[in-house]
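# Descriptive structure summary
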Amino acid sequence: MTVNFPPGFLWGTATAAYQIEGAPHADGRTPSIWDTFSHTPGRTLAGDTGDTATDHYHRRRDDVRLMADLGIGAYRFSVSWPRVQPSGRGHANQPGLDFYRALVDDLLEHGIRPVLTLYHWDLPQELETAGGWPERGTAHRFADYALLVAEALGDRVDMWTTLNEPWCSAFLGYGSGVHAPGRTDDLAALRAAHHLNLAHGLGAQALRAALPSHGQVSVTLNPGVVRAFTDAPADLDAQRRIDALATRIFTGPMLHGSYPDDLLADTAGITDWAFVHDGDPGVIKHPLDSLGINYYTPTVVAAATDNGLPGEATEPSPWPGAAGVAFHRPPGKRTAMDWSVDPTGLYDLLVRFTEEVPGLPLVITENGAAYDDKPDGDGTVHDPERIAYLHAHLDAVRRAIADGADVRGYFLWSLLDNFEWAHGYSKRFGAVHVDYATQTRTLKSSARWYSQVARTGQLPPY
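- By the naming in an unreviewed UniProt entry, the protein is Beta-glucosidase, taken from Streptomyces nondiastaticus.
- The record in UniProt for the protein states the following under Catalytic activity (unreviewed entry): "Hydrolysis of terminal, non-reducing beta-D-glucosyl residues with release of beta-D-glucose."
- If you open the UniProt record of the protein and go to Sequence similarities (unreviewed entry), you find "Belongs to the glycosyl hydrolase 1 family."

## A word on empty space enclosed by the protein
- Counted according to the given criterion, the structure contains 6 cavities of 30 Å³ or more.
- In this structure, the largest cavity encloses a volume near 100 Å³.
- If you trace the largest cavity, you find 13 residues lining it, with Val115, Met159, Thr161, Ser218 and Ser290 closest to the centre.
- Elements with a minimum of two residues in the lining of the largest cavity: strand 5 (159-164), strand 6 (216-221), strand 8 (290-294) and strand 11 (362-367).
- For the lining of the largest cavity, the per-class residue count stands at 6 nonpolar, 6 polar and 1 charged.

## A word on the pairing of strand 9 (residues 299-303)
- Direction of pairing for strand 7 (residues 226-228) relative to strand 9: parallel, over a ladder of 3 bridges. Residue pairing in the sheet places Arg227 in a bridge with Val300 of strand 9.
- Where strand 9 lies against strand 10 (residues 325-328), 4 bridges are found, and the strand directions are antiparallel. Its bridge partner lying in strand 10, Val301 is registered against Phe327.

## Details of the nonpolar core
- Counting 148 residues, the largest nonpolar core has Trp133, Val149, Trp160, Phe171, Leu350 and Tyr410 as the members making the most contacts within it.
- Broken down by element, this core gets its largest block of residues, 12 residues, from helix 9 (residues 186-210).
- Those residues in contact with Val149 that sit more than four places away from it in its chain are Val79, Val84, Leu116, Leu118, Gly154 and Trp160.

## Digging into the sheet that holds strand 3 (residues 74-78)
- Spatially, 8 strands are ordered 2-3-4-5-6-8-11-12 in a closed barrel, and the strand pairing comes out parallel. Neighbour-to-neighbour, the strand axes of the sheet open up by a mean angle of 25 degrees, direction not taken into account.
- Where strand 11 meets strand 12 (residues 407-413), 4 bridges bridge the pair, whose relative direction is parallel. Within the sheet, the bridge partner assigned to Val363 lies in strand 12 and is Gly409.
- Helix-sheet contacts for helix 13 (residues 344-356) involve strand 8, strand 11 and strand 12, and the interaxial angle to strand 11 is about 150 degrees.

Cut-off values and rules
Residues numbered from 1 in each chain as written. Predicted model: local features only at pLDDT ≥ 70, side-chain atom pairs only at ≥ 80, totals over all residues. Heavy atoms only, no water. UniProt positions renumbered as here; feature names shortened; annotations may be inferred. 1 Å grid on protein atoms, 1.4 Å probe; cavity = no way out; pocket = protein on both sides within 12 Å on 5 of 7 lines; lining within 4 Å. Points joined across faces, edges and corners; volume = space filled by probe spheres on them. Helix = DSSP H or I, 4+ residues; strand = E, 2+ residues; numbered from the N terminus. Nonpolar A, V, L, I, M, F, W, Y, C, P; charged D, E, K, R; others polar. Pairing = 2+ DSSP bridges. Core = buried A, V, L, I, M, F, W, Y, C linked by side-chain atoms within 4.5 Å. Buried < 20%, exposed > 50% of the residue type's maximum accessible area, 1.4 Å probe, protein only. Contact = heavy atoms within 4.5 Å. Axes fitted to C-alpha atoms, helices over the stretch in contact; angles between N-to-C directions.

Take a look at the structure:
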């Protein structure tokens, strides 16, 4: 049976600046932490960098026309902070802003709604050299940056996102070190998490001051779907600990105005949280017009045993204060990222936030899968696994809406195959295949399938 989504449901696709733009030195852009990280030997697979990526900086018009041909209704993109404010301070770099002005104009000309993310992990290197996200001043620099972008684009962009996945910025960047800037310090990771929260609040205030009254302000989180390996009390406590670090460290202050007591207790051996100043929670809890949710796969945890950590573990760990937690491999089919395919996790998240924050609209700002996509002999790219993944997850969205979740849109990750962070160019998330040697774009079968869903608002039988 064909299933209809609500009228006005927003069908989009998403990208991030460093993953697609290339042109790292063009028009006054300076290095970000990802430029530095990817150029450091041993940090990325095969030494890959985002220097060229998919060359979107020079192929912007073609990529927008491609979206228009697919019938995409909205495009979620990020602004490169060092492209528009090279030092992370001071005046805007007008040539850098001109690129985004032109991108927005192209989108509007083709009837595509621009959805702007201010920060998708590319901190100007100069700010990292000054201490990065563990330093309070970085949050204030972010607010200044938010204001200058809003003043430049607020007349044409009405959907704004402050941060994308601050968990990754804090805990992969400063905890485990597998993301830029590659630091491994539990205290720095917790300080970074707080200052990212503060940056969100200060940035949201700056946006409200600059945007027209119809401007919408949001944040995008990747809340954890954390499941206990068994219902034993110790496993349930492991679940609680990781949920606090994966989700409630952000939703606590952003949505409720305080950090969870159990989080503070769990991390008391690392910090007394004195870096949280009086008044910070009130700034962080800024009214939102929607909450962006990114979802890919669940996490299964248990209490560690005396025989070591069963299942999967990483060292250094991105989980400060959770040394007694073991991570297990979830069951089921897996993507090329070795992530389990489990659409029930997306349903559970939508229901969770519907119950936790009644009346707050939700948007799925990222969802998708990497597979080992290769052109056939005739040049076509068939990716039935991705179609199956998308169908199952969109069906989970449909079920959540039927059960009362106010979900306003869905953004497929990603429009293009691109630079997949520390994995380099080895993982392909795109609905559009990119030959990195020639920059040729080829629609995969999933792009044509998603185009039909976006044009009709209907999920066909599968």
